[in-house]
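Letter by letter, the chains look like this.
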Amino acid sequence: MHELSIALGIVDIAEKETKKANATKVDAIELIIGTLSGVEPEALEFVWQVAVQDTVLAKAERHIEYIEAKAKCLECETTFSVQNVYDACPKCNSYFKDVFQGKELKIKALEVS
Amino acid sequence: MCGTCGCGTGDGPTIVKIENHDHDHSHGHDHSHTHTHDHDHSHTHKTVIELEQDILQNNNLLAARNRGFFDAKNIFAINLVSSPGSGKTSFLERTLADLKDQYPFYVIEGDQQTQNDANRIHALQVPVVQVNTGKGCHLESDMIYNAVKQLAPKDHSFLMIENVGNLVCPAMFDLGENKRVVVISITEGEDKPIKYPDMFLSSDICIINKMDLQPYLKIDMQKLKDYALQVNPHLQFFEVSATTGEGMTPWYDWLSQQIKK
């Protein structure tokens with residue numbers, strides 16, 4: 001359950017940024033999660049309440065923007081959507097690919113007051 | 001929605017960047033953008049902080065720091081990962097027993113509980129630090145940073161980091177290692193690499209352990225490798241038995257090539 005580490009990492013960053021902005025709480029947080037980031041949305045949901053309890057994020061609304069994974073085939077340069085990391089190129093069936101999108105795991109913005 | 005004046009529409013709450021910007025948009029009302037006004041009603045002051053910050057940034061920064069330290073001292077660091085029971089510790093024990101007279105080795109053992117693994121390494125008279133992660137399911141770069149301080153490794157040495165037995169979580173956490181080595185035993189089934197692809201994707205080397213059990217199992221070795229290569233076409237394999245020592249020599253040759261003399 002590395003999602004707990006991820007959630008605690010988010011809390012840590014939010015605490016620092018809130019303090020820096022002379023605010024006391026986060027009203028909303030916007031996350032960006034790529035579909036191949038390695039974070040399961042259900043697992044993150046499961047640990048969220050525990051992780052944010054008694055922190056600046058306790059009452060924050062959470063918005064998540066999911067980024068679809070995309071890769072470029074290193075053999076034929078076809079760009080395609082990736083559901084699983086082991087997907088082959090739909091055109092030439094090569095497994096050599098560069099996943100250029102979908103591994104994001106970021107805090108995009110915080111709304112603090 | 002415009003983040004400066006709040007005009008425009010959006011579905012639900014929108015979080016936008018607050019910054020000075022120029023753009024053209026029509027207003028359905030006249031007003032000057034430069035006026036100041038007093039107001040004495042109370043209101044909550046809200047600020048939007050545009051971060052775009054990687055959540056793993058702290059781990060990645062410290063991992064980069066570890067990596068720089070290893071480079072400067074010509075320490076070759078290996079992050080050994082696998083599911084529990086694949087034989088990581090036995091594989092490590094065999095490697096240390098056979099090579100410790102040729103190269104200096106240092107070991108960091110990661111487990112949720114107990115010092116059992118560290119005791120096994122200590123019995124080989126190799127410097128070792130045990131990291132117990134408690135509830136944690138993986139090692140992080142700060143644990144390595146602190147463990148390395150305690151180990152104070154010599155230049156031109158190997159640092160073997162045995163991660164917590166877990167084929168999921170350690171994949172996301174860079175420790176600053178030079179190479180990530182995933183151990184799979186043939187008792188685990190051919191399709192392990194596509195069941196837990198992230199770990200095979202992030203690894204450089206795949207050790208296939210317990211080869212001595214092959215006569216007793218219905219395992220298609222080619223299928224196992226094909227699945228692993230589907231996930232990561234760059235993987236390099238070593239087929240070994242840590243128990244009998246079979247197949248260890250090519251692994252030792254590879255290790256010897258990694259350390260700059």
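Described below are features of the structure shown in this document. Being a predicted model, the structure only gives us computed values, none of them experimental. (Residues numbered from 1 in each chain as written. Chains lettered and ligands numbered in written order. Predicted model: local features only at pLDDT ≥ 70, side-chain atom pairs only at ≥ 80, totals over all residues. Heavy atoms only, no water.)

Describing the overall build of chain B
Argument step 1. For chain B, the count of helices and strands is 8 helices and 8 strands.
Argument step 2. Expressed as a percentage of the 261 residues in chain B, the buried residues total 47%.
Argument step 3. Per element, the accessible surface of chain B, about 13,500 Å² overall, is 47% carbon and sulfur. (Helix = DSSP H or I, 4+ residues; strand = E, 2+ residues; numbered from the N terminus. Buried < 20%, exposed > 50% of the residue type's maximum accessible area, 1.4 Å probe, protein only. Areas by Shrake-Rupley, 256 points an atom, 1.4 Å probe, with all protein chains shown as cover.)

Description of the pattern of salt bridges
Pairing between side chains of opposite charge can happen when the charged atoms of each approach one another.
Argument step 1. What the rule picks out here adds up to 17 salt bridges over all chains.
Argument step 2. Among the ionic pairs, Asp27 of chain A bridges to Lys25 of chain A, the shortest N-O distance being 2.8 Å.
Argument step 3. For Asp27 of chain A, a relative accessible area of 15% corresponds to the buried category.
Argument step 4. As a salt-bridge pair, Arg120 of chain B and Asp117 of chain B come within 4.0 Å of each other at their nearest N and O atoms. (Salt bridge = Lys/Arg side-chain N within 4 Å of Asp/Glu carboxyl O.)

Quick word on the nonpolar core
Argument step 1. Ranked by internal contacts, the top residues of the largest apolar core, which has 30 residues, are Ile6, Ile10, Val26, Ile29, Leu57, Ile107 and Leu110 of chain A.
Argument step 2. Looking at this core, the elements with two or more residues in it are α1 (3-20), β1 (26-34), α2 (41-52) and β6 (105-112) of chain A together with β1 (47-54) of chain B.
Argument step 3. When neighbours within four sequence positions are excluded, Val26 of chain A is seen to be in contact with Ala14, Thr18, Val56, Leu57, Lys59, Ala60, Leu110, Glu111 and Val112 of chain A.
Argument step 4. Within the second largest apolar cluster, 28 residues are counted, among which are Ile78, Ile121, Tyr252 and Leu255 of chain B. (Core = buried A, V, L, I, M, F, W, Y, C linked by side-chain atoms within 4.5 Å. Contact = heavy atoms within 4.5 Å.)

A word on the sheet that holds β1 of chain B
Argument step 1. The sheet built from 4 strands is open, its strands ordered β2(A)-β1(A)-β6(A)-β1(B) with mixed pairing. Strands at the two margins of the open sheet, each flanked by one partner only, are β2 (61-67) of chain A together with β1 of chain B. Shown here is a sheet whose adjacent strand axes are inclined to one another by a mean of 15°, direction ignored.
Argument step 2. With 7 bridges connecting them, β1 of chain A and β6 of chain A associate as antiparallel partners. When the bridges of β6 of chain A are listed, Val26 of chain A appears paired with Val112 of chain A. (Pairing = 2+ DSSP bridges. Axes fitted to C-alpha atoms, helices over the stretch in contact; angles between N-to-C directions.)

Things to note about the sheet that holds strand β2 (residues 76-82) of chain B
All names here are of chain B.
Argument step 1. Read from one edge to the other, the open sheet built from 7 strands follows the order β4-β3-β5-β2-β6-β7-β8, with strand pairing classed as parallel. Each end of this open sheet is capped by a strand with a single partner; those strands are β4 (128-132) and β8 (236-239). Ignoring which end each strand starts from, the neighbouring axes of this sheet average 20° apart.
Argument step 2. Judged from the 5 bridges that link them, β2 and strand β6 (residues 179-185) form a sheet pairing that is parallel.

Here's the deal with the environment of Leu255 of chain B
Residues and elements named next belong to chain B.
Argument step 1. For Leu255, the location among the structural elements is in helix α8 (residues 248-258).
Argument step 2. Between the C-alpha atom of Leu255 and that of Gln236, which follows or precedes it by 19 residues, the distance is 13 Å.
Argument step 3. Ignoring anything within four residues of it in the chain, the contact list for Leu255 reads Ile78, Thr95, Leu99 and Phe158.

Here's the deal with the packing of helix α2 (residues 88-99) of chain B against α8 of chain B
All names here are of chain B.
Argument step 1. Remark: α2 packs on α8, axes separated minimally by 11 Å, with the N-to-C direction vectors making an angle of 70°. The angle between the axes of α2 and α8 places the two elements in the roughly perpendicular class. Remark: the crossing between α2 and α8 carries right-handed chirality. Contact residues: Phe91, Arg94, Thr95, Asp98 and Leu99 in α2; Met248, Trp251, Tyr252 and Leu255 in α8. (Parallel < 35°, antiparallel > 145°, perpendicular 65-115°, else oblique. Left-handed = near helix turned anticlockwise from the far one by under 90°.)

Notes on the interface of chain A and chain B
Argument step 1. Across the contact, 36 residues belong to chain A and 32 residues belong to chain B.
Argument step 2. Of the roughly 3,000 Å² buried between chain A and chain B, counting both surfaces, carbon and sulfur atoms make up 65%.
Argument step 3. Contact with chain B buries area across many residues of chain A, yet His2, Val85 and Tyr86 of chain A alone supply 19% of it, more than any other trio.
Argument step 4. Taken together, the connections running from chain A to chain B amount to 3 salt bridges.
Argument step 5. Along the contact surface separating chain A from chain B lie 9 residue pairs in polar contact (both at pLDDT 80 or more).
Argument step 6. Counting only elements with at least two residues in the side of chain A that touches chain B, the list comes to α1, β1, β2 and β6 of chain A.
Argument step 7. For the side of chain A that touches chain B, the per-class residue count stands at 19 nonpolar, 7 polar and 10 charged.
Argument step 8. Two strands pair when backbone bridges link them, and β6 of chain A and β1 of chain B are joined in this way by 6 bridges, in the antiparallel orientation. (Buried area = accessible area lost by both parts, 1.4 Å probe. Polar contact = N/O pair within 3.5 Å; in protein donor to acceptor, adjacent residues only side chain to side chain. Nonpolar A, V, L, I, M, F, W, Y, C, P; charged D, E, K, R; others polar.)

Brief notes about the side chain of Gln130 of chain B
All names here are of chain B.
Argument step 1. Examined against the element boundaries, Gln130 turns out to sit in strand β4.
Argument step 2. Of note is the side chain of Gln130, whose polar atom sits 3.2 Å from the backbone nitrogen of Ala118.
Argument step 3. Beyond its immediate sequence surroundings of up to four residues, Gln130 is in contact with Glu109, Gly110, Asp111, Thr114, Gln115, Asp117 and Ala118.

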